[in-house]
Structure formats: C-alpha cells, structure tokens
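Single-letter residue listing:
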Amino acid sequence: MRRGRGGHHLDGGVWQRRKRHITGGTLFEIEPAEPYTNDDLNYNDPDSRVSKEHDDESLRDVKLKTTDVSDWSSYTTVYIGYPIWWGEAAWPVNSFVHGSDFSGKTVIPFCTSASSPLGSSASELARLATTGDWKEGQRFNSPANTQTVEDWVKQQS
C-alpha cells in the first residue's frame, strides 16, 4: 500500500493539493497551535514572529494543533512539503518531524522557494526524525509548474 502525505499550510495549499492529486495520497496540514498571520511571516520586519524565532532558537519549538495523523501506521511513503525560512525548513515542520515516528516509511521531502536553495534543510529534517528512509530532497521554484511536479513525483515511484 502506498500512501502519500505532506503539506504545510504556510507552503501554499494550491501546490499541496496539486501534489496530492498526482500521488493519490491524503493531505495532513501541519498547523501551529498559534497560527501565523501575514505580519508574523514578514521576514523583512525584525519585530515579526519569524524574525524573532530566527534570532532566538529557543522560540523555534512551535507547538502544533496536533501531530496525530489518522491511520499513520498504514503509511509507507510520506511526502513532507515546506517553505524555506533562512535556508531551513519552517519551524513548525521541524516540530512535526521531531515528534513523529517514521519507522518503516520512505520519506520524500520537498520545498518551494522563490530564491533560497534546498540547502541542508532535508538532511536536517532526517537528523531530527532519527527514523525512516529519508530520500534526497527537492526544491521547486515558487510557483512550480504542474508538469515539473508530475515528472518529479513519477520519478519517486
């Protein structure tokens, strides 16, 4: 059984729904208990939430609404999508990965960014997880075109 999963609501729901359609998987949103507003996400403002979290690592342990994925044990393939923040996966994604057991699962990380590279974000997620068979990550331009996404997903099978 191949079950897909991935998505971070800060990464653009349209792209996530497109990937879900391509894989036939389900979508689980990683949702912070305290949602980020547009002002919170303004990395050009040194007083914004993400800027403060960037400057003070102790603030990066973002509490999530839930980390419980329905029927998680049946998943064999997990896609984890995220935006890049200062060359790293968004902090809520780190919280989800750190708190989840990926044993027996193939994990395929991907990100979207207008300018930042993938960097070590995917390998850092694998380090945080400690379990699972983590594949090399993929960065897509923001926005990614549908054919590019479809071609990449087919290569993962």
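From a predicted model like this one, the values you see are computed outputs, not experimental measurements.

To continue, consider the packing of aromatic side chains. One pair of aromatic rings is described through two measures. These are the centre distance and the angle between the planes. Within this structure, the stated rule accounts for 13 aromatic pairs. When the centroid spacing of 6.2 Å and the interplanar angle of 90° are considered together, the rings of tryptophan 72 and phenylalanine 96 count as edge-to-face. You can see tryptophan 72 sitting in the loop between helix H2 (49-55) and strand S1 (77-85) and its partner phenylalanine 96 sitting in helix H3 (residues 91-98), a full 24 residues away along the chain. A relative accessible area of 0% means that phenylalanine 96 is categorised as buried. It is lysine 105 that lies over the ring of tryptophan 72; its NZ or CZ is 4.9 Å from the centre.

Inspection of every chain in the model, using the stated rule, returns eight salt bridges. Within this structure, Glu34, Asp40, Arg49 and Glu53 form a network of salt bridges that share partners.

Once that is clear, we can look at the packing of H3 against helix H4 (residues 121-129). Packed helices, taken two at a time, are described by the angle between their axes plus the distance between the axes. It is the contact of H3 with H4, at a shortest axis distance of 8 Å, that shows an interaxial angle of 35°. When you trace H3 past H4, the crossing you get is right-handed. Between H3 and H4, the contacting residues are Val93, Asn94, Val97 and His98 on the first element and Leu125, Leu128 and Ala129 on the second. Here the contact of H3 with H4 is built from residues that sort into five nonpolar, two polar and no charged.

The rules behind these values
- Here the residue index of a chain counts from 1 through its sequence in written order.
- Given that the model is predicted, a residue must reach a pLDDT of at least 70 before its local features are reported, and side-chain atom pairs must reach 80 or more before they are shown or counted; all residues, however, enter totals for whole chains, interfaces and linings.
- The basis for every side-chain value is the complete set of non-hydrogen atoms in the structure, without hydrogens or water.
- In summary, the pairing rule links any two rings of Phe, Tyr or Trp, Trp by its six-membered ring, whose centres are within 6.5 Å, and it sorts them by plane angle into stacked for under 30 degrees, edge-to-face for over 60 and tilted for everything else.
- Put simply, DSSP H or I for four residues or longer makes a helix, DSSP E for two residues or longer makes a strand, and each gets a number counted from the N terminus.
- Burial classification: accessible surface area is computed with a 1.4 Å probe over protein chains only, and a residue below 20% of its type maximum counts as buried, one above 50% as exposed, and the rest as partly exposed.
- In our convention, an over-ring charge means Lys NZ or Arg CZ found within 6 Å of a ring centre and within 35 degrees of that ring's normal.
- Each reported salt bridge corresponds to a side-chain nitrogen of Lys or Arg within 4 Å of a carboxyl oxygen of Asp or Glu.
- Angles here are taken between N-to-C directions and fall from 0 to 180 degrees, while the axes themselves are lines fitted to C-alpha atoms, restricted in helices to the stretch in contact.
- In this scheme the crossing of two helices becomes right-handed for a clockwise turn of the near helix relative to the far one and left-handed for an anticlockwise turn of less than a right angle.
- Should any heavy atoms of two residues lie within 4.5 Å, those residues are counted as being in contact.
- Gly falls in the polar group here, along with every residue not listed as nonpolar (Ala, Val, Leu, Ile, Met, Phe, Trp, Tyr, Cys, Pro) or charged (Asp, Glu, Lys, Arg).

Purely spatial values, then, with no claim about function.
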